[in-house]
Amino acid sequence: NIRLSLPAVCFVWQVSMIILFGVFVRYNEEADTNWVYKKKEKNITSDIENDFYFRYPSFQDVHVMIFVGFGFLMTFLKRYSFGAVGFNFLIAAFGLQWALLMQGWFSPLGDDGKIKIGIENCLIAYGAVLGKVSPVQLLVMTLFGITLYAVEEFIILSVLNAKDAGGSMVIHTFGAYYGLSISRVLYRPNLNKSNHMNGSVYHSDVFAMIGTLFLWMFWPSFNSAICNHGDGQHRAAINTYLALASTVLTTVAISSLFGKTGKLDMVHIQNSTLAGGVAVGTAAEFMLMPYGSLIVGFFCGIISTLGYIYLTPFLEERLKIQDTCGIHNLHAMPGVIGGIVGAISAAAASKEVYGDLGLVNIFSFEGSNGTRLPTVQGGYQAAALCVALCFGIGGGTFVGLVLKLPIWGDPADEHCFNDEMYWEVPEDEESIIPPVL
Amino acid sequence: NIRLSLPAVCFVWQVSMIILFGVFVRYNEEADTNWVYKKKEKNITSDIENDFYFRYPSFQDVHVMIFVGFGFLMTFLKRYSFGAVGFNFLIAAFGLQWALLMQGWFSPLGDDGKIKIGIENCLIAYGAVLGKVSPVQLLVMTLFGITLYAVEEFIILSVLNAKDAGGSMVIHTFGAYYGLSISRVLYRPNLNKSNHMNGSVYHSDVFAMIGTLFLWMFWPSFNSAICNHGDGQHRAAINTYLALASTVLTTVAISSLFGKTGKLDMVHIQNSTLAGGVAVGTAAEFMLMPYGSLIVGFFCGIISTLGYIYLTPFLEERLKIQDTCGIHNLHAMPGVIGGIVGAISAAAASKEVYGDLGLVNIFSFEGSNGTRLPTVQGGYQAAALCVALCFGIGGGTFVGLVLKLPIWGDPADEHCFNDEMYWEVPEDEESIIPPVL
Amino acid sequence: NIRLSLPAVCFVWQVSMIILFGVFVRYNEEADTNWVYKKKEKNITSDIENDFYFRYPSFQDVHVMIFVGFGFLMTFLKRYSFGAVGFNFLIAAFGLQWALLMQGWFSPLGDDGKIKIGIENCLIAYGAVLGKVSPVQLLVMTLFGITLYAVEEFIILSVLNAKDAGGSMVIHTFGAYYGLSISRVLYRPNLNKSNHMNGSVYHSDVFAMIGTLFLWMFWPSFNSAICNHGDGQHRAAINTYLALASTVLTTVAISSLFGKTGKLDMVHIQNSTLAGGVAVGTAAEFMLMPYGSLIVGFFCGIISTLGYIYLTPFLEERLKIQDTCGIHNLHAMPGVIGGIVGAISAAAASKEVYGDLGLVNIFSFEGSNGTRLPTVQGGYQAAALCVALCFGIGGGTFVGLVLKLPIWGDPADEHCFNDEMYWEVPEDEESIIPPVL
């Protein structure tokens with residue numbers, strides 16, 4: 001019974017968070033009143049050197065992407081807007097607390113930007129199962145998802161010393177295959193019973209564009225949030241921006257050329273226009289060159305839109321993967337492309353382009369990695385992509401099996417994509433009788 | 001006649017503003033072309049030290065909260081969205097000019113962040129009377145509200161030297177009781193005549209979520225906007241963020257557990273999820289500790305949601321307070337809780353936790369307050385809460401009586417919650433006949 | 001056939017962009033890995049001196065204005081929301097790439113803020129022809145518009161050394177007359193066949209308010225984005241902010257006073273409230289004084305709203321200019337006013353108010369302009385306004401003739417303002433049958 005299980009899970013987890021935060025979490029030194037002393041010690045003369053001023057604007061932009069961007073992107077269904085934006089809100093609010101803890105355990109000096117990013121993978125995964133699971137299942141999915149993410153990220157970034165500024169691998173590839181695997185395990189053969197609800201209406205498509213646009217605009221902040229101060233953040237923002245711009249044009253082109261009627265399809269405009277931002281993630285901080293970013297975006301727009309037209313139906317019919325939002329086209333394929341682009345461009349890095357210090361700064365060729373060559377780094381990047389894939393598919397399959405237990409209150413096939421299951425839905429629009437004045 | 005009175009009030013007030021600005025307002029030194037000289041005098045080497053770069057991002061976030069956040073939060077009514085977002089726009093645009101003047105008179109060096117915050121109390125008060133008053137009444141309410149606010153804030157912050165970074169007391173407690181008192185005086189015994197308009201439709205609830213999410217996301221900017229540069233702003237943002245996250249989970253839990261049907265209610269998700277941000281306001285800059293913020297948010301989500309379920313009907317039936325948006329649950333109770341949390345945590349402040357310099361910085365224990373002890377500060381904080389309550393209830397009652405005069409063009413009972421009174425409303429959706437192509 | 005021509009144009013142009021970027025565009029030094037060396041050379045000690053941290057928050061705000069602001073502002077039509085927000089997205093994404101190139105050719109050290117602003121003029125022009133042209137025509141219009149803009153801006157800013165921080169002349173005047181001239185050439189005598197689609201519904205007006213509010217809030221960032229660091233940006237933000245606040249009140253007043261029924265009209269609130277931001281653009285960085293900004297906003301609100309009531313019908317009937325969004329009232333007239341205000345306030349600049357260094361900084365009285373007097377600067381400002389007008393009207397007429405060629409797939413008169421032409425539109429709202437649970 002969802003009436004009891006949802007509050008139970010919420011309370012137990014929030015109380016656990018309070019206890020764990022009480023034991024493990026303190027302000028870092030830049031947020032502590034003792035910073036006045038630290039400033040003197042470190043000879044910092046201006047308050048503007050506090051990391052807050054470097055990171056906070058990007059942090060807020062990522063915030064907007066998570067809550068408004070992902071939330072509204074999923075409001076496109078005609079009668080699942082409450083669930084889209086409301087449950088997205090719930091799992092983000094829980095996920096960020098859990099991510100803060102996990103991140104703290106795995107990398108004691110994690111900064112804010114990083115923490116936020118950690119929860120995106122669960123929101124991506126939500127896209128695959130949108131409308132087909134209960135809020136309790138979403139919370140369970142989030143708990144496991146962030147735990148797996150923290151381990152996977154530790155292996156990729158710290159053990160392999162791979163670079164992934166915008167998270168093409170650690171976030172998008174992992175998150176998308178995590179969600180798709182869950183959706184595969186939870187396959188519903190009779191989902192067509194709620195076919196009449198699995199579509200948009202005019203205004204729900206406009207709401208979804210709010211999500212699309214905020215994601216598109218702030219993606220440069222997302223990809224640059226955890227880059228090196230200075231030129232690193234600057235370059236990541238430019239690369240992402242150009243890749244996204246290029247994607248828009250090819251998405252429109254393919255949507256018109258291959259669409260059934262030659263007309264544009266809002267599903268493509270809402271989703272595929274973002275694929276370039278995913279694919280440029282790993283290499284965002286690299287010297288990808290402006291035209292390189294445009295090329296990445298160019299192909300991602302094509303591949304992602306074709307994915308919506310040909311691959312999504314194939315996945316559903318043949319592989320029994322029901323992917324409500326088409327995250328395979330928006331996150332999985334572009335994420336893998338991003339990993340490959342990252343590996344190639346890392347392997348091709350040269351002292352002529354980056355400068356000696358540049359190579360060290362960008363790839364952290366220092367300490368135990370001091371003698372690593374760019375070509376070798378390329379190999380490690382490729383290995384990182386495999387790690388992300390394995391964690392995504394393996395973890396998703398496991399969590400899918402957990403979620404298959406008949407205790408989570410998931411909706412029957414005929415009640416999918418319908419807010420009535422979990423929300424008090426107001427009367428319908430047409431019943432408004434405008435009073436005569 | 002609203003056709004004449006609204007333009008008259010707008011013109012008279014805007015002309016007054018121009019005259020008063022001409023007499024009283026000049027650029028502060030950081031916005032004046034003479035800053036080049038000041039920089040040399042003060043030996044400032046970088047333009048980034050201009051307060052603009054410290055404050056502008058937070059200032060813009062608070063902007064978004066005021067115009068989009070509050071505006072859209074109130075669009076939930078099925079046919080009062082124009083009034084919600086339009087009149088909110090009007091009173092914010094007027095209020096900020098008046099607040100700028102009042103603030104300048106009471107604290108000559110007020111900075112931008114502070115100014116903006118000053119007008120929130122009127123937007124809060126609007127929530128109580130939404131749909132039941134005319135735009136002229138709103139403008140009068142705003143004029144008095146900001147005047148009272150400036151005096152109250154001067155007493156609390158300057159005379160009592162109480163701290164209230166996020167304004168739990170000076171803004172939320174004051175603003176909420178101001179609005180509730182006005183609503184009490186303007187009690188409409190026959191409001192049930194427009195009951196059929198006092199509710200939401202599906203898409204108006206989605207619009208309201210735009211408001212909720214922007215308020216939620218930018219609340220950390222709001223609470224940190226006027227904190228000390230450096231660790232103060234950093235810490236206030238973290239505390240607010242955690243309190244808000246915690247509130248979401250307990251709001252969902254209570255909404256499901258105590259709701260009539262066991263389903264979630266959008267009213268709770270739209271409003272109660274924000275209560276933690278209100279309640280952590282006063283103590284935002286203190287060393288509340290991350291788990292402390294979570295605890296504050298935990299209880300506020302519970303109390304606020306229970307307020308919507310049990311207290312709002314009680315207020316209406318017994319105390320004759322018709323509170324359209326439930327500001328008693330979102331601002332009044334959490335604001336009082338925030339004041340109490342602030343008093344307790346100030347009284348408990350110790351040199352061990354804050355450091356000598358920290359205590360001085362956070363509580364301004366300097367000059368005439370140089371010998372004040374934290375325990376005494378706690379007492380002053382409690383006194384400040386009483387001041388805010390008195391100003392809110394007293395001022396609201398007075399302004400309510402002014403607004404009861406039969407000259408303001410307020411709507412009849414059967415025309416409440418209806419845009420038709422003051423707006424040209426377009427034809428209805430269903431009359432669209434999609435032309436065949 | 002739009003099915004082929006739209007993809008063809010998109011592909012050809014995107015491929016051209018990639019080639020041109022490959023040849024011409026490199027990272028500037030602050031985004032290059034070699035910045036570490038440059039920092040040492042220039043003796044820069046802190047990463048926060050990277051221009052990224054000065055500009056990025058404003059850059060993002062301008063972003064939001066372009067994509068969400070302009071996009072949603074135009075969603076007010078009942079059945080053209082997909083086209084409004086979708087085609088705006090398309091031309092912005094193409095335009096920013098082309099603007100980046102043009103700007104680079106004309107001013108080798110152009111920074112990000114500037115680039116973004118360059119594309120606004122095409123979005124403004126879109127407002128005049130909204131619903132009456134095909135996406136291919138929009139792309140052609142954008143290509144020419146940005147090319148003309150780059151030349152015009154070069155003449156105004158570099159040759160004439162005129163100042164135009166917020167682009168009242170170079171963006172708004174030029175863009176508006178460019179769009180109006182195109183609309184004149186493309187005059188459709190039988191447009192009344194689609195009259196039933198040329199209007200709003202309740203929720204489309206609420207969507208449009210999202211656009212209005214984001215434009216309103218971030219206009220201070222727009223006008224200050226390319227000002228001098230420090231007091232210049234600070235002052236421009238304050239001036240814009242006050243002008244906008246003042247405009248809101250006079251817009252409401254005139255809308256109520258002169259409206260047919262004495263009720264407020266959403267068209268005025270959505271558009272005229274922004275006129276003050278346009279008109280204060282040129283003089284934003286000048287010592288306009290706070291009350292001066294209020295006065296500018298005061299009159300612009302009046303003029304713009306009266307324009308919607310009296311001038312727009314006149315333009316359509318007599319001058320055969322069909323101006324869907326009323327850009328003549330929002331951009332053209334306020335832009336010209338802005339140019340005039342700029343000329344007068346430049347001519348009136350004195351050493352007493354600005355200081356010696358201030359005059360030099362604000363008006364770039366150095367090098368070959370070292371001996372120019374403020375009064376002469378006023379003359380150059382007036383000349384700049386004429387240049388903007390000529391480029392707008394001349395360029396628009398030429399491009400209009402190009403777009404009149406019968407090869408672009410524009411909609412027939414009876415299919416204007418209708419998404420069905422270019423978009424797959426979902427079934428209607430009323431056909432939702434809420435399933436019984």
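The structure presented is a predicted model; accordingly, all values stated were derived computationally and were not measured. Here the residue numbering is sequential within each chain, running from 1 through the sequence in written order. As they are written, the chains are lettered A onward and the ligands numbered 1 onward, keeping that order. Under the rules for a predicted model, residues below a pLDDT of 70 receive no local features and side-chain atom pairs below 80 are neither given nor counted, while totals for whole chains, interfaces and linings still include all residues. Based on all heavy atoms of the structure, the side-chain values leave hydrogens and waters out of the count.

1. Regarding a nonpolar patch on the surface
Going by this rule: Only residues whose relative accessible area exceeds 30% and that form no salt bridge enter a patch; like-charged residues are grouped when within 9 Å of one another, and nonpolar side chains (Val, Leu, Ile, Met, Phe, Trp, Tyr) when within 5 Å. Areas reported here follow the Shrake-Rupley algorithm with a probe of radius 1.4 Å; residue values treat only the protein chains shown as occluding. Salt-bridge detection follows one rule: a side-chain nitrogen of Lys or Arg within 4 Å of a carboxyl oxygen of Asp or Glu. Each helix corresponds to a stretch of at least 4 residues labelled H or I by DSSP, and each strand to a stretch of at least 2 residues labelled E; elements are numbered beginning at the N terminus.
Together, Leu4 of chain A together with Leu257, Phe258 and Tyr310 of chain B line one region of the surface with nonpolar side chains, adding up to about 380 Å² of accessible area. Locating Leu4 of chain A in the fold gives a position in helix α1 (residues 2-24).

2. Some words on the interface of chain C and chain A
The test is simple: Every residue pair with non-hydrogen atoms within 4.5 Å of one another is taken to be in contact. Buried area, as used here, totals the accessible surface that two parts lose on assembly, with accessibility defined by a 1.4 Å probe and the loss added over both. For the purposes of these results, a polar contact is taken to be a pair of N or O atoms within 3.5 Å, where, inside protein, one atom must be able to donate a hydrogen and its partner to accept one; residues adjacent in sequence count only when each atom of the pair is a side-chain atom. Residues are grouped as follows: Ala, Val, Leu, Ile, Met, Phe, Trp, Tyr, Cys and Pro are nonpolar; Asp, Glu, Lys and Arg are charged; every other residue, Gly included, is polar.
Each partner contributes residues to the interface: chain C has 80 residues there, and chain A has 85 residues. It is Tyr27, Phe89 and Glu424 of chain C in chain C that bury the most area against chain A; as a group they hold 11% of the surface buried on that side. Counting across the chain C and chain A interface gives zero salt bridges. Seen at the junction of chain C and chain A, the total is 20 residue pairs in polar contact (both at pLDDT 80 or more). Listed by contribution, the elements that provide at least two residues to the side of chain C that touches chain A are α1 (2-24), α2 (35-42), α3 (51-73), α4 (81-106), α5 (112-117) and α9 (202-224) of chain C. When residues of the side of chain C that touches chain A are assigned to their parent elements, the largest contribution, 13 residues, is made by α1 of chain C. Tallied by class, residues from the side of chain C that touches chain A come to 50 nonpolar, 13 polar and 17 charged.

3. Regarding the relation of the copies chain C and chain A
What counts, and what does not: Copy-to-copy superposition: least squares on the C-alpha atoms, limited to residues that have pLDDT of at least 70 in both copies.
When chain C is fitted to chain A, the residual RMSD is 0.0 Å, and the transformation amounts to a turn of 120 degrees plus an axial shift of 0.0 Å. Taken together, the turn and the small shift mark the pair as related by a three-fold rotation axis. Residue by residue, only 19% of the interface of chain C is reproduced at the interface of chain A, so the copies engage with different surfaces.

4. Quick word on the packing of helix α3 (residues 51-73) of chain B against helix α9 (residues 202-224) of chain B
Residue and element names in this part refer to chain B. Note the cut-off: Axis lines are fitted through C-alpha atoms, for helices just across the contact stretch, and the angle between N-to-C directions can take any value from 0 to 180 degrees. The scheme is simple: roughly parallel for angles under 35 degrees, roughly antiparallel for over 145, roughly perpendicular for 65 to 115, oblique for anything else. Throughout, a crossing is termed right-handed when the near helix is turned clockwise from the far one, and left-handed when it is turned anticlockwise from it by less than a right angle.
In contact at an axis separation of 8 Å, α3 and α9 are set at 155 degrees when each is read in the N-to-C sense. In this view, α3 runs roughly antiparallel relative to α9, as classed from their interaxial angle. Crossing geometry of α3 relative to α9 is assigned as left-handed. Two secondary-structure elements touch here, α3 through Ser58, Asp61, Val62, Val64, Met65, Val68, Gly69, Phe70, Phe72 and Leu73 and α9 through Phe207, Ala208, Ile210, Gly211, Thr212, Phe214, Leu215, Phe218, Trp219, Ser221 and Phe222. Grouping the constituent residues of the contact of α3 with α9 by class yields 15 nonpolar, five polar and one charged.

5. So, the interface of chain A and chain B
Listed per partner, the contact involves 79 residues of chain A and 85 residues of chain B. Roughly 7,300 Å² is buried in total at the junction of chain A and chain B, and carbon and sulfur atoms are behind 71% of that figure. Across the chain A-chain B interface, the total number found is zero salt bridges. On the surface where chain A and chain B come into contact, there are 20 residue pairs in polar contact (both at pLDDT 80 or more).

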